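Each chain, letter by letter, is given below.
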Amino acid sequence: ADVTRGALRGRPAAMEAREPLRDVRGALRAVLARLREGEPGEGREPFELPRFWDALGQTFQVTSQEATKLSLAFSRPPLPSAEDCRKLSEDVQNAILAVATVYYWLPKGQGTTLRKMVRDATTEVVEGMIQLTDTILNAPVESLSQEQLISTGGVWEACDQVSNLPRGEYNQAAVVSALAACLGVVKDAVEEMEQALVEGQDPYGDIMEDEELGFRGNRDTYWSEADRQLLSSCMGLMKASKACLKKVLAAVKAHGKADSPEQIAQLDDLADIANEISPSVDELALSMYPPVNPLAVRLNAAKLASVLKKVLEIAKASHVCPPSEEGWVQFLAGAVEHNMNKVKNFTQGQL
């Protein structure tokens, strides 16, 4: 009984010692909300990209170290005193404020693609630190929990991401990175659908027969010959998506510049429209699985064709597309038109 009373007496003291951590958690949530809603300013001093990257790297590193110190302090008895906890909390808050401040150095004029990547990395660090403080506040005071280890590792991982941010010529490197990511996703989708369409392959072959699904001859689980004709044109559109991204990426690498606001804006426009390709490819691919609804396929094919035409128009009108690049733009525009017309022909009877 005495032991129990002692433990109960010690518990409020331990909770009180952690009170500064509750305050810092509230402050971090406010920083996160501002990061999600706010925009960086234009900056009062001339912006220097190398100085910005150095400062961002340093603030991320300091935050990683503060997360380690905080986690270690609450990993074993004796727990930190109220004063020590106040100091730890203050250091954590200062580290996170420094991270946010450096992000706000980045002027709007450097390009929306670059800003979005830096903002995403910054919010991930803040979210990680909030998660860590949550875990410490909710954990039993006597021991280091698995959740606390995972949360600490999460902050380290988020802080390490700064080294993966594209640091080339301002916005150009960020757009190259964004386009390469889109291309990777589309490549995977094309390969997956090609594999499923292999002659005679049942797309649901990995699902065992059972009474609910019915036998393997069920019309809902395979493609008819008419389906396959329609889907070959859809595959043409999906391959055109891959080729589009590949060519635009190569053009941005070869000719992309960020010397003027107009060039930066053109690169951002390309990244924005390219971001629409992957979801459109996914929607088309999903509608291609049996049972095929030809009208749904036609609708999704038309959406993808519209996005691809827009990508090609924006590329052609931008500085990344000098006369030497116009050949592939025309060729791909023709390929999109040709495949979309075939989809229309195959689905005409359904209208």
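Residues numbered from 1 in each chain as written. Predicted model: local features only at pLDDT ≥ 70, side-chain atom pairs only at ≥ 80, totals over all residues. Heavy atoms only, no water.

### Side note on the overall build of the protein chain
Part 1: Of regular secondary structure, the protein chain possesses twelve helices and zero strands.
Part 2: In the protein chain, the succession of helices and strands from N to C terminus is α-α-α-α-α-α-α-α-α-α-α-α.
Part 3: The buried share of the protein chain, reckoned over its 351 residues, is 46%.
Part 4: As displayed, the protein chain has an accessible area near 18000 Å², and 53% of this comes from carbon and sulfur atoms. (Helix = DSSP H or I, 4+ residues; strand = E, 2+ residues; numbered from the N terminus. Buried < 20%, exposed > 50% of the residue type's maximum accessible area, 1.4 Å probe, protein only. Areas by Shrake-Rupley, 256 points an atom, 1.4 Å probe, with all protein chains shown as cover.)

### Some details on the environment of Leu 183
Part 1: Tracing the backbone shows Leu 183 in helix α7 (residues 171–196).
Part 2: Taking relative accessible area as the criterion, Leu 183 reaches 8% and is therefore assigned buried.
Part 3: Between the alpha carbons of Leu 183 and Cys 244 there is a distance of 9.0 Å; along the sequence they are 61 residues apart.
Part 4: Ignoring sequence-local partners within four residues, the contact set of Leu 183 consists of Lys 242, Leu 245, Lys 246 and Leu 249. (Contact = heavy atoms within 4.5 Å.)

### Considerations on the confidence of the model for the protein chain
Part 1: Residues with a pLDDT of 70 or more make up 83% of the protein chain, whose mean pLDDT is 85.
Part 2: For the stretch residues 213–217, pLDDT sits under 50, and the model shows twelve contacts to residues farther than four places along the chain or on other chains. (pLDDT = per-residue confidence, 0-100.)

### Considerations on unusual backbone geometry
Part 1: For the bond from Pro 290 to Pro 291, the omega torsion is 0°, close enough to zero to count as cis.
Part 2: Looking at the secondary structure, you find Pro 291 in the loop between α10 (277–287) and α11 (294–317).

### Examining the nonpolar core
Part 1: Counting residues in hydrophobic clusters, the biggest one holds 53 residues, and the most contacted among them are Met 238, Val 252, Ile 277 and Met 288.
Part 2: Counting only elements with at least two residues in this core, the list comes to α7, α8 (225–255), α9 (261–274), α10, α11 and α12 (326–347).
Part 3: Ranked by residue count, the leading element in this core is α8, at 13 residues.
Part 4: Core analysis: the next-biggest nonpolar cluster, separate from the first, contains 44 residues, Phe 52, Tyr 104, Leu 132 and Leu 137 among them. (Core = buried A, V, L, I, M, F, W, Y, C linked by side-chain atoms within 4.5 Å.)

### Focus: a negative patch on the surface
Part 1: Where like charges cluster on the molecular surface, the negative patch consists of Asp 188, Glu 191, Glu 192 and Asp 282.
Part 2: Among the elements that line the negative patch, the one with the most residues is α7, at three residues.
Part 3: For Asp 188, the position within the fold is in helix α7. (Patch = residues over 30% accessible without salt bridge, like charges linked within 9 Å, V, L, I, M, F, W, Y side chains within 5 Å. Salt bridge = Lys/Arg side-chain N within 4 Å of Asp/Glu carboxyl O. Lys, Arg positive; Asp, Glu negative; His and termini not counted. Charge placed at Lys NZ, Arg CZ, Asp CG, Glu CD.)

### Regarding the packing of helix α3 (residues 49–73) against helix α5 (residues 112–138)
A packed helix pair is summarised by two numbers, namely the angle formed by the two axes and the spacing between the axes.
Part 1: Contact geometry of α3 with α5 gives a least axis separation of 11 Å together with a crossing angle of 10°. It follows from the interaxial angle that α3 and α5 lie roughly parallel. Along the contact surface, α3 presents Phe 52, Trp 53, Leu 56, Phe 60, Thr 63, Ala 67, Leu 70 and Ser 71, while α5 presents Leu 114, Val 118, Ala 121, Thr 122, Val 125, Met 129, Leu 132, Thr 133 and Ile 136.
Part 2: In terms of residue class, the contact of α3 with α5 is built from 13 nonpolar, four polar and no charged. (Axes fitted to C-alpha atoms, helices over the stretch in contact; angles between N-to-C directions. Parallel < 35°, antiparallel > 145°, perpendicular 65-115°, else oblique. Nonpolar A, V, L, I, M, F, W, Y, C, P; charged D, E, K, R; others polar.)

### A look at the side chain of Ser 241
Part 1: Here Ser 241 lies in helix α8.
Part 2: If we ignore the near neighbours within four places in the chain, the residues touching Ser 241 are Val 186, Ile 277, Val 281, Leu 304 and Leu 308.

### Considering the packing of α5 against helix α6 (residues 146–160)
Part 1: Contact geometry for α5 and α6: axes closest at 8 Å, N-to-C directions at 165°. In this view, α5 runs roughly antiparallel relative to α6, as classed from their interaxial angle. Crossing handedness for the pair α5 and α6: left-handed. In this structure, α5 contributes Glu 124, Val 125, Gly 128, Met 129, Gln 131, Leu 132, Thr 135 and Ile 136 to the contact, and α6 contributes Glu 147, Gln 148, Ser 151, Thr 152, Val 155, Ala 158 and Cys 159.
Part 2: Taken together, the residues of the contact of α5 with α6 break down into seven nonpolar, six polar and two charged. (Left-handed = near helix turned anticlockwise from the far one by under 90°.)

### Considerations on the environment of Ser 145
Part 1: Tracing the chain through its elements places Ser 145 in the loop between α5 and α6.
Part 2: Assessed through its relative accessible area of 12%, Ser 145 is described here as buried.
Part 3: Between the C-alpha atom of Ser 145 and that of Phe 74, which follows or precedes it by 71 residues, the distance is 9.9 Å.
Part 4: If sequence neighbours within four positions are ignored, Ser 145 has contacts with Thr 135 and Ala 139.

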